[in-house]
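Okay, here's what each chain looks like letter by letter:
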Amino acid sequence: MTPAVAIIGGTGLTRLDTLTITHQEAGSTPYGEPSSPLIYGELNGRVVVFLARHGLDHTLPPHKINYRANLWALHRLGVKQVIAVAAVGGIRDDMEPGVLAFPDQIIDYTWGRHGTFFEDNLTQVTHIDFTEPYCGALRERLIQAARALNFDARESCTYAAAQGPRLETAAEIRRMERDGCDIVGMTGMPEAALARELGLRYATCAVVANRAAGKIPGVTITMAEIERNLLEGMGRVKTLLARVIPLLDEATATGQTDGA
Ligand code: HPA
């Protein structure tokens, strides 16, 4: 049975323990191996497939992730919609640790990643529309679920995709802020663009793990802080995912090629 939705889990969500797992399979693709096996299960009455973006043991850094294999493996299953969960740093003042954020725009600062399926053996050069990088209908469902749960959520923001794996300098964050970015993470691109190339509905649920570099003068960002905030934040994400499942009706179950 084709899963109703794919969930890509990021840092802090390498296993989805709310999923009643039925089986798993390796998802090899023409682009290589995905980050983890495809884990099938049931969540709130629907079939869901889960993929751990950094691997089940969180061993793949952002720049080493095979984004093409991940998206292709999900696409090949016939999945039409993808919820991407991601840890981020908070740039905008109201992006406090623990808050959920649903970006509607993205700026790509990454480099050297395989960012397209339209590269080799082309019959024609292809440019996809990416004006609205996230699926509006799927975002709306996530926001609806967050509201119903009374979660502290930011409903509109711009995601800065940084290269990593190091965190940013204070000047880099100031530049991102001048560019209009509100949150910063390392995995949002090329994931979102590849999903669009495949006609998948794609939306991100971000969890703010820390204030971005330089936002609190004199404070060093530690993995311990990030992990502590994510533990709590991902608890809310799991509740949100269960809540959003019944909202994923036909409006979001078919593929799309625009930002609607
Ligand atoms: N920067 C980039 N990626 C991140 C951060 C950050 O501060 N926190 C969690 N992921």
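Everything below is about the structure printed above this text.
What counts as what
- Residues numbered from 1 in each chain as written.
- Predicted model: local features only at pLDDT ≥ 70, side-chain atom pairs only at ≥ 80, totals over all residues.
- Heavy atoms only, no water.
- Buried < 20%, exposed > 50% of the residue type's maximum accessible area, 1.4 Å probe, protein only.
- Helix = DSSP H or I, 4+ residues; strand = E, 2+ residues; numbered from the N terminus.
- Pairing = 2+ DSSP bridges.
- Right-handed = clockwise from strand over helix to strand, strands pointing away.
- Salt bridge = Lys/Arg side-chain N within 4 Å of Asp/Glu carboxyl O.
- Contact = heavy atoms within 4.5 Å.
- Polar contact = N/O pair within 3.5 Å; in protein donor to acceptor, adjacent residues only side chain to side chain.
- Phe/Tyr/Trp six-rings, centres within 6.5 Å; stacked < 30°, edge-to-face > 60°.

1. Digging into the pairing of strand β9 (residues 158-161)
Argument step 1. In β9, alternate side chains face the same way, and those of Thr158 and Ala160 on one face and Tyr159 and Ala161 on the other are all buried.
Argument step 2. In this structure, strand β7 (residues 105-108) lies alongside β9, joined through 4 bridges in parallel fashion. For aspartate 108, the partnering residue across the bridge sits in β9 and is alanine 161.
Argument step 3. Each parallel crossover has a hand, and for β9 linked through helix α3 (residues 170-179) to strand β10 (residues 183-185) it is right-handed.

2. Comments concerning the pattern of salt bridges
Argument step 1. All told, the structure shown has 13 salt bridges when counted by the stated rule.
Argument step 2. In this structure, arginine 15 and aspartate 57 form a salt bridge, with 3.2 Å as the shortest nitrogen-oxygen distance. Of the two residues, arginine 15 sits in the loop between β1 (5-9) and β2 (20-25) while aspartate 57 sits in the loop between β4 (46-52) and α1 (67-76), which places them 42 residues apart along the sequence.
Argument step 3. When its relative accessible area of 61% is taken as the criterion, aspartate 57 is described as exposed.
Argument step 4. Among the salt bridges present, the one from arginine 53 reaches glutamate 191, with a minimum N-O distance of 2.8 Å. Remark: glutamate 191 occurs in helix α4 (residues 188-197) and arginine 53 occurs in the loop between β4 and α1; sequence separation between them is 138 residues.

3. Things to note about the environment of serine 36
Argument step 1. Looking at where serine 36 falls in the secondary structure, it is placed in the loop between β2 and β3 (38-43).
Argument step 2. Each C-alpha atom, one on serine 36 and one on isoleucine 183, is 26 Å from the other, the two residues being 147 residues apart in sequence.
Argument step 3. In contact with serine 36, not counting residues within four places along its chain, are Leu51, Ala52, Gly55 and Leu56.
Argument step 4. One polar contact links the side chain of serine 36 to the main-chain amide nitrogen of alanine 52, over a distance of 2.9 Å.

4. Here's the deal with the packing of aromatic side chains
Argument step 1. Across all of its chains, the model carries 4 aromatic pairs by this definition.
Argument step 2. With a centroid separation of 5.5 Å and an interplanar angle of 65°, the aromatic rings of tyrosine 31 and tryptophan 72 are classed as edge-to-face. In this pair, tyrosine 31 sits in the loop between β2 and β3 while tryptophan 72 sits in helix α1, placing the two residues 41 residues apart along the sequence.
Argument step 3. Tryptophan 72 sits in the partly exposed class, given a relative accessible area of 23%.
Argument step 4. Residues tryptophan 72 and phenylalanine 117 carry aromatic rings whose centres are separated by 5.5 Å and whose planes lie at 50° to one another, so their mutual orientation is tilted. Here phenylalanine 117 lies in the loop between β7 and α2 (136-148) and tryptophan 72 lies in helix α1, a separation of 45 residues in the sequence.
Argument step 5. A relative accessible area of 10% places phenylalanine 117 in the buried class.
Argument step 6. Cluster of aromatic residues (ring-pair linked, three or more members): Tyr31, Trp72 and Phe117.

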